[in-house]
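Coordinates in review
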Amino acid sequence: MPALTHFDAAGQAHMVDVGAKNETRRVAVATGHISMLPATFAQLLAGNNKKGDVIGIARIAAIQGAKRCADLIPLCHPIALTRVAVEFMPEVEHHRLHIQVTAETVGRTGVEMEALCAVNAGLLTVYDMLKAIDRGMQIGGVRLLEKQGGKSGHWHAAQS
């Protein structure tokens, strides 16, 4: 098992020094979903929520979540994102809305945390906008699907 990079020899947390790493194109893909009551899901798909376009606003929130990741996760490096793509996919039979986020940069550190923050921000925004009609919604399945770039190369969830 690899060593934990956010701890020094004395066991104290620190920000990893990435200064000697090569700049490479780095990509991360993350996913998650939110489950809700059938009536809530129908209203989501109908697009007639009082607060506005739930999916459109959640997409913007996901992008903002990726951009603000370093403000939320203490040891993350602030990075210049080159792209954040957000896709929502309804799963009608289970009254679930899936989100998939692809984050990209050219830099010395990966974008896994940015993709994961984006997924959570998008799903939490859906919850916020629909909570007046369904406080029992459940967020789940948040995970990294793929990462590319850097010294460790290409990783895909099917490999683990």
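Note: the structure precedes this text.
Throughout this description, residue numbers start from 1 for each chain and increase along the sequence as written. Where local features are concerned, this predicted model is filtered to residues with pLDDT of at least 70; where side-chain atom pairs are given and counted, the filter is 80 or more; whole-chain, interface and lining totals use all residues. Neither water nor hydrogens contribute to the side-chain values; these are computed over all heavy atoms in the structure.

1. Digging into the overall build of the protein
Counted only if it meets this: Only DSSP runs of H or I covering at least 4 residues are called helices, and only runs of E covering at least 2 are called strands; the numbering of each starts at the N terminus. For every residue, the accessible area (1.4 Å probe, protein chains only) is compared with the maximum for its type, and the residue is labelled buried under 20%, exposed over 50%, or partly exposed between those bounds. In this description, accessible areas are obtained by the Shrake-Rupley approach with a 1.4 Å probe, and a residue is regarded as covered only by the protein chains that are shown.
Looking only at helices and strands, the protein features four helices and five strands. N-terminal to C-terminal, the α/β element order of the protein is β-α-α-α-β-β-α-β-β. Taking all 160 residues of the protein together, the buried fraction comes to 39%. Total accessible area on the protein is roughly 9200 Å²; 56% of this is exposed by carbon and sulfur atoms.

2. Some details on the nonpolar core
Cut-off, in case you're wondering: Among the buried residues, those of types Ala, Val, Leu, Ile, Met, Phe, Trp, Tyr and Cys that are joined through side-chain atoms within 4.5 Å form a nonpolar core. Whether two residues touch is decided by their heavy atoms; if any such pair falls within 4.5 Å, the residues are in contact.
Judged by nonpolar contacts, the single largest core of 28 residues is most densely connected at Met 36, Ile 99 and Val 126. Among the elements of the structure, β1 (24–35), α1 (38–46), α2 (54–67), β2 (81–91), β3 (96–107) and α4 (112–130) are those that each provide at least two residues to this core. If one sorts the elements of this core by residue count, α4 sits on top with eight residues. Val 126 has contacts with Ile 34, Met 36, Val 54, Ala 58, Leu 97 and Met 137, leaving out every residue within four places of it along the chain.

3. Looking at the environment of Trp 155
Residue position: Trp 155 is located in strand β5 (residues 155–156). Remark: the alpha-carbon pair of Trp 155 and Gly 56, spanning 99 residues in sequence, is separated by 30 Å.

4. So, unusual backbone geometry
Even without being a glycine, His 95 presents a positive backbone phi close to 55°. By the element assignment, His 95 lies in the loop between β2 and β3. With a relative accessible area of 25%, His 95 lands in the partly exposed category.

5. A look at the pairing of β1
Applicable threshold: Pairing between two strands requires that DSSP report at least two bridges joining them.
With nine of 12 residues buried, β1 lies mostly within the body of the structure. Summarising the sheet, β1 and β3 pair through 12 bridges and their orientation is antiparallel. Looking at the pairing, Arg 25 lines up with Val 106 of β3. Taken together, the eight bridges between β1 and strand β4 (residues 138–148) define a ladder with antiparallel strand orientation. Across the sheet, the residue bridging to Ala 30 is Leu 144, located in β4.

6. Focus on the environment of Arg 83
What counts is decided by this rule: Polar contacts here mean pairs of N or O atoms no more than 3.5 Å apart (in protein, one a potential hydrogen donor and the other a potential acceptor; neighbouring residues in sequence count only if both atoms are side-chain atoms).
Among the structural elements, Arg 83 can be located in strand β2. Separated by 20 residues in sequence, Arg 83 and Ala 103 place their C-alpha atoms 5.7 Å apart. Apart from residues no more than four positions distant in its own chain, Arg 83 is found in contact with Thr 102, Ala 103 and Glu 104. At 2.6 Å, the side chain of Arg 83 forms a polar contact with the side chain of Glu 104.

7. Describing the pairing of β3
In terms of burial, β3 is a largely internal element, nine of the 12 residues being buried. Both β2 and β3 contribute to a ladder of 10 bridges, which runs antiparallel. Across the sheet, residue Glu 87 finds its bridge partner in β3, namely Gln 100. Between β2 and β3, which pair antiparallel one after the other, the connecting turn spans four residues, and His 95 there sits at a positive phi close to 55°.

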